[in-house]
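A structural walkthrough
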Amino acid sequence: MDGASQFRQFWHITLPGLSGVLMTATQLRVIWVANSVDVIFVMTGGGSGYSAYTLPLCAFVKARTGLDYGYRLALAVSFTLLLGFVILYLRRAGRNIA
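Residues numbered from 1 in each chain as written. Predicted model: local features only at pLDDT ≥ 70, side-chain atom pairs only at ≥ 80, totals over all residues. Heavy atoms only, no water.

Considering the overall build of the protein
Check the secondary structure of the protein and you find 5 helices and 0 strands. Starting at the N terminus and walking to the C terminus, you meet the elements of the protein as α-α-α-α-α. Its C-alpha radius of gyration of 19 Å places the protein more than 25% over the 13 Å reference for a compact globule of 98 residues. Oriented by its inertia axes, the alpha-carbon framework of the protein measures out at about 65 × 35 × 25 Å. Out of the 98 residues belonging to the protein, those deemed buried represent 18%. Of all intrachain contacts in the protein linking residues separated by at least 6 positions in sequence, the fraction that spans at least 24 positions is 33%. Carbon and sulfur atoms make up 66% of the accessible area of the protein, which totals about 7400 Å². (Helix = DSSP H or I, 4+ residues; strand = E, 2+ residues; numbered from the N terminus. Rg over C-alpha atoms; globule rule 2.2 N^0.38 Å. Buried < 20%, exposed > 50% of the residue type's maximum accessible area, 1.4 Å probe, protein only. Contact = heavy atoms within 4.5 Å. Areas by Shrake-Rupley, 256 points an atom, 1.4 Å probe, with all protein chains shown as cover.)

In structure tokens form, the structure reads like this:
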């Protein structure tokens, strides 16, 4: 630590100490945003233009209004990424439960 710049101290000491918290917060945020389709749709209908569109909301709107089920299916594949986030979060949470 002697002679290390502030950036190196942050990069090698502070950031590794915060990595668990940052990972958990990021995973929870992704999961919560993906689960808020109903609130976004009811409140804004997608916002002005497409400003409030999330991936799940876009898939829902494309399937319901445009009857474009092929495009919706391609978007739905991205939900497997959400499942990956959920699995990672549950593994991290289960490891910390004593």
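Some points on helix α1 (residues 6–34)
Each α-helix turn comprises 3.6 residues. Residues three or four places apart therefore point the same way. Taking 1.5 Å of rise per residue, 29 residues should cover 42 Å, yet α1 covers just 37 Å from first to last C-alpha, more than 12% shy of that figure. If you look at α1, its biggest bend is around 50°, right at Leu 15, and the proline Pro 16 turns up within four residues after that. (Expected span 1.5 Å × (residues − 1). Bend = angle between axes of the 7 residues up to and from the residue.)

A closer look at the environment of Leu 55
Within the secondary structure layout, Leu 55 lies in helix α3 (residues 55–64). On the basis of relative accessible area, Leu 55 is assigned to the partly exposed category, the value being 37%. With 32 residues separating them in the primary sequence, Leu 55 and Ile 87 have C-alpha atoms 19 Å apart. Setting aside its immediate chain neighbours within four residues, Leu 55 contacts Leu 75 and Ser 78.

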